[in-house]
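Here are the chains, one letter per residue:
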Amino acid sequence: MSKRSCVPWEKADSSGLTRGVNLLHDPLRNQGTSFNEKERDLLGLQGLLPPRVLSQDGQVLRILANYALKPNDLEKYIFLIDLEDRNETLFYRVIMENLSLMMPIIYTPTVGKACQQFGHIFRRPRGLFISAKHKGRIAEVLENWPQDDVRVIVVTDGERILGLGDLGAQGMGIPVGKISLYTACGGIQPATTLPITIDVGTDNVRLLNDPLYIGLPQCRMRGEPYDQLIEEFFTSVQARFPNALIQFEDFANVNAFRLLQKYRDRGCVFNDDIQGTAAVALAGLYSAMRITGGRLRDQTFLFQGAGEAGIGIADLIVTAMVAAGLSDEQARRRCWFFDTKGLVVRDRTHLADHKIPYAHPHPRMETLEDSIQALRPTGILGVSGTPGSFTRPILEKMSTLNKRPIVFALSNPTSKAECTAEEAYVWSQGRAIFASGSPFEPVVIDGNTLIPGQGNNAYIFPGVGLGAVLSRARHVTSEMFMAAARTLAGEVGQSELSHGQLYPPIDNIRSVSAAIAAAVFQVADTQGLSRKPLPDDPIAYVRRKMYVPKYKRYA
Ligand code: NAD
């Protein structure tokens with residue numbers, strides 16, 4: 001039996017080809033009505049398909065026509081996932097040609113709704129579910145995965161899904177969605193990807209009481225047993241898939257920082273919520289500097305929310321400011337945090353470890369507005385998941401302090417954004433340099449069309465992942481994320497900047513990812529972390545290696 005099938009009942013013939021109905025049920029190889037007459041003869045498909053052979057172009061038309069009939073975004077999501085389950089090549093062709101339309105469906109914001117309702121819309125499993133019940137048997141569970149050559153794993157424990165909190169095993173929508181973006185945006189071969197959910201229970205009472213909840217109906221495992229399970233997961237993955245990059249995704253911040261710290265030097269590992277977010281935000285700030293003409297090292301940033309995203313962004317800003325000539329201490333002093341208990345200052349007690357480097361000497365402040373008045377930041381970054389917290393008085397205050405205030409409302413999904421694009425532009429008389437985590441429509445102010453930048457992590461992680469995979473990097477470093485941020489900002493054209501756009505059009509994402517992957521390969525080489533020689537022309541090499549959603553012709 002061939003190991004390369006996605007279906008457990010696959011039968012291959014003596015030449016190793018999967019045939020008949022098994023082939024039609026293998027989403028990696030199924031071509032549906034596109035199998036031609038000779039292939040139908042060769043592969044035992046005669047009679048199993050309607051007689052008329054349709055080109056892939058024709059199939060795309062049919063998919064788009066059906067897609068347009070779906071009444072809402074969740075139905076569109078279900079339709080696309082069904083397609084992915086049937087025919088991955090066609091799925092990727094459709095997604096890649098309609099990225100700006102479909103990315104908000106297969107990823108944020110719609111994927112958030114899908115995760116909330118995952119148990120109710122569940123059709124077929126994708127990826128691997130490793131649960132607390134598998135303790136001591138994780139290696140055996142990994143053996144059940146039908147592909148041996150896995151290069152990219154996205155793993156969550158479902159505790160902090162987007163800004164939606166603990167969704168337990170239903171968080172699986174996130175690794176599935178991110179894996180799709182790895183292929184659609186970064187050209188990672190689909191057969192080499194693996195989404196994983198580690199189900200340690202959930203503390204979400206609504207889910208625990210839902211008879212259709214798909215995960216273990218028990219409270220979260222914590223402490224030592226949790227750490228042991230993750231350790232077993234990590235060592236088993238490294239043994240089974242030694243070439244895999246592991247991306248930690250949507251872990252709660254109590255675990256995210258610890259796990260990143262613990263594993264980043266033990267393998268090719270990163271946390272997208274911390275490091276990917278940081279790079280996309282830093283790229284937005286580099287673009288903002290191109291608009292204002294200012295220097296990053298001269299800015300002062302105030303973050304609302306001191307979790308994974310905020311601290312990750314600040315840490316990378318500090319790295320970039322230090323690279324631009326500041327000392328570490330000077331750079332940290334330019335980043336301030338406001339959390340649920342007010343401004344993060346030195347004399348606050350019981351601060352989480354990750355906040356301590358940013359707890360500067362300063363009187364306590366109870367409100368964000370007072371903190372802005374006192375610190376006079378050039379930019380505010382919302383990463384708290386509290387919608388509406390960038391109020392009109394706050395935006396007006398930022399606009400009196402700055403000619404071009406930087407306002408990043410990064411919380412996802414759209415319903416959690418600290419302010420809308422329209423609020424930011426209207427309340428600042430069109431002067432705000434705005435970016436958000438989820439997409440917003442353009443806004444016209446005094447005849448000027450302002451196009452909000454979406455600081456979507458998809459600009460960064462597929463390219464970083466591709467670069468790490470192609471260079472077979474031993475580790476993923478901050479320098480790689482800095483290079484990714486610089487490269488991304490460099491891809492924004494002057495005309496885009498003139499409309500306030502901080503990121504390149506999403507439809508350019510494959511060439512952006514190629515440029516980022518080449519930059520990451522270069523850093524891996526310079527840092528001695530690469531296990532492959534740097535090609536003479538890294539961008540051309542990367543482009544050659546990127547997945548193209550074309551059918552293989554058998555005859
Ligand atoms: P997190 O849970 O690690 O951190 C949230 C932080 O916000 C915590 O420090 C919490 O104390 C603080 N907070 C909560 N309510 C607050 C309030 N009313 N005032 C001040 N602080 C408050 O979560 P995270 O991973 O840092 O993500 C935060 C948000 O950022 C989420 O909505 C997430 O979707 C978004 N995010 C966006 C991007 C992006 O735009 N590319 C990437 C990652 C995360």
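Residues numbered from 1 in each chain as written. Predicted model: local features only at pLDDT ≥ 70, side-chain atom pairs only at ≥ 80, totals over all residues. Heavy atoms only, no water.

Chemist: Outline the site of the ligand, supporting the account with residue identities and numerical values.
Modeler: In the neighbourhood of the ligand, 25 residues make up the surrounding shell, with R160, N253, A309, G455 and N457 lying closest. Between a nitrogen atom of the ligand and a side-chain N or O atom of Q304, the distance comes to 3.4 Å. One of the backbone N or O atoms of N412 is found 3.1 Å from an oxygen atom in the ligand. For the ligand, whose unbound accessible area comes to 850 Å², protein coverage reaches 84%. (Near = heavy atom within 4 Å. Polar contact = N/O pair within 3.5 Å; in protein donor to acceptor, adjacent residues only side chain to side chain. Areas by Shrake-Rupley, 256 points an atom, 1.4 Å probe, with all protein chains shown as cover.)

Chemist: Account for the pattern of salt bridges, naming residues and giving values.
Modeler: For the structure shown, the criterion picks out 30 salt bridges. D85 is paired through a salt bridge with R126; the nearest N and O atoms lie 2.5 Å apart. In this pair, D85 sits in helix α4 (residues 73-86) while R126 sits in the loop between α8 (118-121) and β1 (128-131), placing the two residues 41 residues apart along the sequence. The same class applies to D85 and to R126, which are both buried. R392 is paired through a salt bridge with E396; the nearest N and O atoms lie 2.9 Å apart. Of this pair, R392 and E396 both sit in helix α18 (residues 392-401), four residues apart, which is roughly one turn of that helix. On the basis of relative accessibility, which here comes to 33%, the residue E396 falls in the partly exposed class. Put simply, E84, D85, E88 and R126 are held in one network by salt bridges that share partners. (Salt bridge = Lys/Arg side-chain N within 4 Å of Asp/Glu carboxyl O. Helix = DSSP H or I, 4+ residues; strand = E, 2+ residues; numbered from the N terminus. Buried < 20%, exposed > 50% of the residue type's maximum accessible area, 1.4 Å probe, protein only.)

Chemist: Residue-level account of the packing of aromatic side chains, with values.
Modeler: This structure, assessed with the given rule, holds 16 aromatic pairs. Ring geometry for F35 against Y554: centres 6.5 Å apart, planes inclined by 40°, an arrangement best described as tilted. Taken as a pair, F35 in the loop between α1 (20-24) and α2 (37-42) and Y554 in the segment after α24 (538-545) lie far apart in primary sequence, 519 residues in all. The same class applies to F35 as to Y554, namely buried. Through a chain of ring-to-ring contacts, the aromatic side chains of F234, F248, F251 and Y263 assemble into a single cluster. Of note, K76 hangs over the ring of Y67, and the distance from its end group to the ring centre comes to 5.5 Å. (Phe/Tyr/Trp six-rings, centres within 6.5 Å; stacked < 30°, edge-to-face > 60°. Lys NZ or Arg CZ within 6 Å of the ring centre and 35° of its normal.)

Chemist: Tell me what's going on with the sheet that holds strand β8 (residues 342-343), and back it up with residues and numbers.
Modeler: Across the sheet, which stays open at both edges, the seven strands sit in the order β8-β7-β6-β9-β10-β11-β14 with mixed pairing between neighbours. Edge strands, defined here as strands with exactly one partner in the open sheet, are β8 and β14 (453-454). Looking at chain direction, strand β10 (residues 406-409) and strand β11 (residues 433-436) are connected through four bridges and run parallel. Looking across to β11, one finds that I406 is bridged to I433. Across the face of the sheet, helix α17 (residues 368-375) comes into contact with β6 (301-304), β7 (335-339), β8 and β9 (379-382) while running at roughly 170° to β6. (Pairing = 2+ DSSP bridges. Contact = heavy atoms within 4.5 Å. Axes fitted to C-alpha atoms, helices over the stretch in contact; angles between N-to-C directions.)

Chemist: So what about the sheet that holds strand β5 (residues 269-271)? Which residues, and what values?
Modeler: Across the sheet, five strands lie side by side as β1-β3-β2-β4-β5; this open sheet has parallel pairing. Every interior strand has two partners, whereas the edge strands, β1 and β5, have only one. Taking each pair of neighbouring strands and ignoring which way they run, the sheet shows an average axis angle of 25°. Looking at chain direction, β1 and strand β3 (residues 193-199) are connected through four bridges and run parallel. Note on β3: the bridge partner recorded for F129 is T197. Together, β1, β2 (152-156), β3, β4 (245-248) and β5 form the strand contacts of helix α12 (residues 223-240), whose direction differs from that of β3 by roughly 160°.

Chemist: Describe in detail the pairing of β10, supporting the description with residues and values.
Modeler: Successive residues of a regular strand alternate their side chains across the two faces of the sheet. Both faces of β10 are covered, namely the face carrying I406 and F408 and the face carrying V407 and A409. Sheet topology note: the β9/β10 ladder contains four bridges and is parallel. Counted as the bridge partner of G379 is I406 from β10. Crossover β9 to β10 through α18 is right-handed. In the classification by handedness, the crossover that spans β10, the intervening helix α19 (residues 421-427) and the parallel β11 is right-handed. (Right-handed = clockwise from strand over helix to strand, strands pointing away.)

Chemist: Please give an account of unusual backbone geometry that cites residues and values.
Modeler: For the bond running from T108 to P109, omega is 10°, close enough to zero to count as cis. Note on placement: P109 falls in the loop between α6 (99-106) and α7 (110-116). Residue P413 is reached from N412 by a cis peptide bond, and omega for that bond is -10°. Among the secondary structure elements, P413 is positioned in the loop between β10 and α19. Not every positive phi belongs to a glycine, and H350 is a case in point at roughly 55°. Its place among the elements puts H350 in the loop between β8 and α17. The class for H350 is exposed, based on a relative accessible area of 81%. The residue D446 is not glycine, and still its phi comes out positive at about 50°. Relative to the helices and strands, D446 is located in the loop between β12 (443-445) and β13 (448-450). Under the relative-accessibility criterion, D446 is labelled exposed at 76%.

Chemist: Describe the confidence of the model for the protein, listing the residues and the values that go with them.
Modeler: Segments scoring low in pLDDT should not have their predicted coordinates read at a detailed level. The predicted model of the protein has a mean per-residue pLDDT of 95, with 97% of residues at 70 or higher. In this model, residues 1-10 is a region of pLDDT below 50 whose contacts with residues beyond four sequence positions or in other chains number 32 contacts. (pLDDT = per-residue confidence, 0-100.)

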